[in-house]
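For reference, the chains in residue letters:
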Amino acid sequence: MAATSARSVAWQWLAVAAAVAAASLIGGTPAEARRGGKESIGFYELRRGEFSVVVTNWGATILTVNLPDKNGHIDDVVLGYKDIGSYVNDTTYFGALVGRVANRIAGGRFTVKGHAFHTYKNDGKNTLHGGHRGFNQVFWSVRERATGHFPYITFYYRSYDGEQGFPGALDVLVTYKIDGDYSFSVTMYARPVDDGKPTPVNLAQHTYWNLRGHGNGTILDHSVQIFASAVTPVGAGLIPTGAVSPVSGTPFDFRAPAPPGARIADVPGGGYDINYVLDGEADGQGVRKAAVVSEPTSGRVLELWSDQPGLQFYTGNFLKGDEGKGGARYVKHGGLCLETQDYPDAVHNAKFPTEIYRKGQEYKHYMLYKFSLAKK
């Protein structure tokens, strides 16, 4: 991939926005537009030196992450579509903030305090990432924005009572912030609004990473280390069985760095797509190291820290030549996701950490991405 300046990428997105926003979004199916809202698409660059992150308020989505390799070449290391119109009705979740409940809810049904709720089934018999119009398919408003040495932006969304079948209104905030020369954080908050209407909440950031540069082959030769001694195994429809099983002696063991391609043939379903139960004690802020990914050609290293109990490791098993930025084609296993989260389908497993929140309680989810170059 030819080296591309981060600033030129941001301007490309801004130019595309003017051409496609009205036709693809305002005249399309988002609920806010149908209700006569005046939302518009915005594109926002967070920059510190040659490191930059570009985000949009459509789905609170990360569009690009640009940083140098060991030779000083700048590449965009996240997968994404060629224009914002392609994100409408997307089911790949490139870079999206997903919710109200990330991952799967078995049967699209759950019960809270004796009341049954039915959520939109968009994954066979199950609900995936909040339904067919989850948080990745709505406009978020810009609540706050700052430039300077530590630029950030905060997006806000009010999820209404009954949206996709979930009970009670929910206020949601997500802040993207550059915290250092080559690090940025994602902080998510949510608060139920309505009395007497507790609701499940489990947000996740769904960026696909390829540290060699998006569109540059697969991630099967990346080195992956996940700080977890157990997984929550799944059955039909990728629904957790309720068990917590050790990774020792299985192809799911990434406690020591290993390339996903080494044992992927032994994983059912053609690739990794499973929740890891993270090990270790959190630091004084409730944060612990979740994973480290490195790529030998570029020398790039990604270190992920979070305060969540689980991490979904996904190897882009359903990519099939999707057209992306700059004419790239994303082949199967062309990117990997590291989604820190609560355990999937926790609404049906009392032994899993609860994800039910009531008015007066606050959901918080913190992620920190640290990038570096491998030592020679």
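Residues numbered from 1 in each chain as written. Predicted model: local features only at pLDDT ≥ 70, side-chain atom pairs only at ≥ 80, totals over all residues. Heavy atoms only, no water.

A few words on the overall build of the chain. If you tally the helices and strands in the chain, you get two helices and 28 strands. In the chain, which comprises 376 residues, the share counted as buried stands at 57%. Pairs at least 24 residues apart make up 67% of the contacts formed inside the chain by residues separated by at least 6 positions. For the chain, the accessible surface area stands at approximately 14900 Å², while carbon and sulfur atoms represent 52% of it. (Helix = DSSP H or I, 4+ residues; strand = E, 2+ residues; numbered from the N terminus. Buried < 20%, exposed > 50% of the residue type's maximum accessible area, 1.4 Å probe, protein only. Contact = heavy atoms within 4.5 Å. Areas by Shrake-Rupley, 256 points an atom, 1.4 Å probe, with all protein chains shown as cover.)

Residues given the UniProt feature "binding site: beta-D-galactose" (unreviewed entry) here are N103, R104, H206, T207, Y208 and D273. Within the annotated group, the residues that form the lining of the largest pocket are N103, R104, H206, Y208 and D273. Along the chain, R104 falls in strand β6 (residues 104-105). Its relative accessible area of 8% is what places R104 among the buried residues. Beyond its immediate stretch of four places on either side in the chain, R104 contacts D123, T127, L128, G237, L238, I239, D273, P344 and D345. There is a polar contact of 2.9 Å between the side chain of R104 and the side chain of D123. Exposure remark for Y208: the relative accessible area of 3% places this residue in the buried category. When near neighbours in sequence (up to four residues on either side) are disregarded, Y208 contacts V77, V78, L79, T92, Y93, F94, Y314, G316, L319, G335, L336 and C337. (UniProt positions renumbered as here; feature names shortened; annotations may be inferred. 1 Å grid on protein atoms, 1.4 Å probe; cavity = no way out; pocket = protein on both sides within 12 Å on 5 of 7 lines; lining within 4 Å. Polar contact = N/O pair within 3.5 Å; in protein donor to acceptor, adjacent residues only side chain to side chain.)

The subject of this paragraph is the UniProt feature "active site" (unreviewed entry) in the chain. In the numbering used here, UniProt assigns the feature "active site" (unreviewed entry) to H206 and E339. The largest pairwise C-alpha distance within this set of annotated residues, which runs over 134 residues, is 6.1 Å, so the set is compact in three dimensions. Among the annotated residues just listed, those lining the largest pocket are H206 and E339. You can call H206 buried: its relative accessible area is 4%. Not counting residues within four places of it along the chain, the set of residues in contact with H206 comprises T92, Y93, F94, G95, A96, V98, H129, C337 and E339. On the accessibility criterion, E339 (3% relative accessible area) is buried. Sequence-distant contacts of E339, defined by excluding residues within four places in its chain, comprise H129, A204, Q205, H206, G310, L311, Q312 and Y314.

Before going further, it helps to spend a moment on the environment of P344. For P344, the position within the fold is in the loop between β26 (336-341) and β27 (356-357). Using a relative accessible area of 3% as the deciding quantity, one classes P344 as buried. Measuring from C-alpha to C-alpha, the distance between P344 and L238 comes to 9.5 Å, with 106 residues separating the pair along the chain. Apart from residues lying up to four places away in sequence, P344 is in contact with N103, R104, T232, P240, N275, Q312 and F352.

Within this structure, the stated rule accounts for 28 aromatic pairs. Consider the rings of F135 and Y157, whose centres lie 5.5 Å apart with planes at 65°: the pair is edge-to-face. Of this pair, F135 sits in the loop between β9 (127-128) and β10 (141-146) while Y157 sits in strand β11 (residues 152-159), and the two are 22 residues apart along the sequence. Comparing F135 with Y157 shows no difference in burial state: the two are buried. Here a set of aromatic residues connected by ring pairs shows up, and it is made of Y81, Y87, F94, Y208, Y314, F318 and Y330. Looking at R143, its charged tip hangs above the ring of Y156, at a distance of 4.3 Å from the centre. Over the ring of F254 we find R263; its NZ or CZ atom is 5.2 Å from the centre of that ring. (Phe/Tyr/Trp six-rings, centres within 6.5 Å; stacked < 30°, edge-to-face > 60°. Lys NZ or Arg CZ within 6 Å of the ring centre and 35° of its normal.)

Mapped onto the fold, G321 is located in the loop between β23 (310-314) and β24 (322-323). The sequence separation of G321 and G334 amounts to 13 residues, and the corresponding C-alpha distance is 9.0 Å. When residues no more than four places from it in sequence are discounted, the contact partners of G321 are R329, Y330 and V331.

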